[in-house]
Amino acid sequence: MILYSHPFSGNGWKVRLFLSLIGQDCEIRTVDLPGGENRSTAFLDLNPRGQVPVLAVPEGVLWDSQAILVYLAARHAPDWGGDDAFERAAVAQWLSFAAKEVATGLQALRLHRVMGRPLDVPAATRVAEGTLTLLEGRLAAHGWLVGGRPTIAEAAVYPYVSMAGEAGLSLAPYPSIRGWCARIEALPGFLPMGA
């Protein structure tokens, strides 16, 4: 397997984190995003969206971090994908949450603050605060997002939530989220963002 990513990418971190949590080796190739490598013909042949991460596997090429997590769980760590049809669907709900609410709130604010991307900051802040409130409610009642143990839902949602400070938001009002982050960070194989 070859993972095309960038150290700054939270979506790339999702995949690198999960690979580390399950102890799966993978070649990592850094894509020069500031230099525009993601817009090169060679990279666009891998991912026409021009985004990282991209995972090249024997069966073909996958892009989108959530899709990559599903593949890796199914192929290398089935217990992380849900035990039955209901749990797999519940995991999919959180993958969608990561791709919508987390991305349009926390991720967008981080990109705005750190990279200067244009953004309707008040609207994104409302989405981010709603995202954190919803997540806090879930985690106040459950230790993990699905099924009483970590799943790929954690790998999908955790990275941008844990970087809320880079998005200009504090996790101080969210004790259940902070506890959940600490539980993830205590898992064997946890990989910090810059590692």
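The numbers attached to residues start from 1 for each chain and follow its sequence in the written order. Given that the model is predicted, a residue must reach a pLDDT of at least 70 before its local features are reported, and side-chain atom pairs must reach 80 or more before they are shown or counted; all residues, however, enter totals for whole chains, interfaces and linings. Hydrogens and water molecules were not included; the side-chain quantities draw on all heavy atoms of the structure.

**Student:** Hey, could you run me through helix 7 (residues 175-185) in this one?
**Tutor:** Owing to its 3.6 residues per turn, the α-helix brings residues three or four apart onto one side. Only protein chains enter the calculation, and the probe is 1.4 Å; a residue is then buried if its accessible area is under 20% of its type maximum, exposed if over 50%, and partly exposed in between. Runs of H or I in DSSP of at least four residues are treated as helices and runs of E of at least two as strands, each being numbered from the N terminus. All of the buried residues along helix 7 are Ser176, Ile177, Trp180, Cys181 and Ile184. Down the axis of helix 7, the sector holding all buried residues measures 140°, keeping them to one side. The contact rule is simple, with two residues in contact once any of their heavy atoms fall within 4.5 Å. Contact partners of the buried residues in helix 7: helix 5 (121-141) and helix 6 (152-162). Think of it as the arc spanned by the lines of direction from the helix axis to the C-beta atoms.

**Student:** Please explain helix 3 (residues 65-76) as it appears in this structure.
**Tutor:** For a helix, the expected span equals 1.5 Å multiplied by the residue count minus one. An ideal rise of 1.5 Å per residue puts 16 Å on twelve residues; helix 3 measures up with 16 Å between its terminal C-alpha atoms. What helix 3 keeps buried is the set Ser65, Gln66, Ile68, Leu69, Tyr71, Leu72 and Ala73. The backbone nitrogen of Gln66 has a side-chain oxygen 3.0 Å away, supplied by the residue at the start of helix 3, namely Asp64. N or O atoms closer than or at 3.5 Å make up a polar contact, with two conditions inside protein: a donor-capable atom paired with an acceptor-capable one, and, for residues adjacent in sequence, both atoms drawn from side chains.

**Student:** I would appreciate a short explanation of the packing of helix 4 (residues 85-115) against helix 6 in the present structure.
**Tutor:** Between two packed helices, both the angle of their axes relative to each other and the distance between the axes serve to describe the pair. Angular values range over 0 to 180 degrees, each being the angle between N-to-C directions of two axes fitted as lines to C-alpha atoms, with helices fitted over their stretch in contact. Where helix 4 meets helix 6, the axes come as close as 9 Å, and the angle between the chain directions of the two elements is 10°. Judged by the angle between their axes, helix 4 and helix 6 are roughly parallel. Each of Val91, Trp94, Leu95, Phe97, Ala98, Val102, Leu106, Gln107 and Arg110 in helix 4 lies in contact with helix 6, whose residues at this interface are Ile152, Ala153, Ala156, Val157, Tyr160 and Val161. For this classification, Asp, Glu, Lys and Arg are treated as charged, while Ala, Val, Leu, Ile, Met, Phe, Trp, Tyr, Cys and Pro are nonpolar and the rest, including Gly, are polar. A class-by-class count of the residues in the contact of helix 4 with helix 6 yields 13 nonpolar, one polar and one charged. Should an angle fall under 35 degrees it is taken as roughly parallel, and over 145 as roughly antiparallel, whereas 65 to 115 is taken as roughly perpendicular and any remaining angle as oblique.

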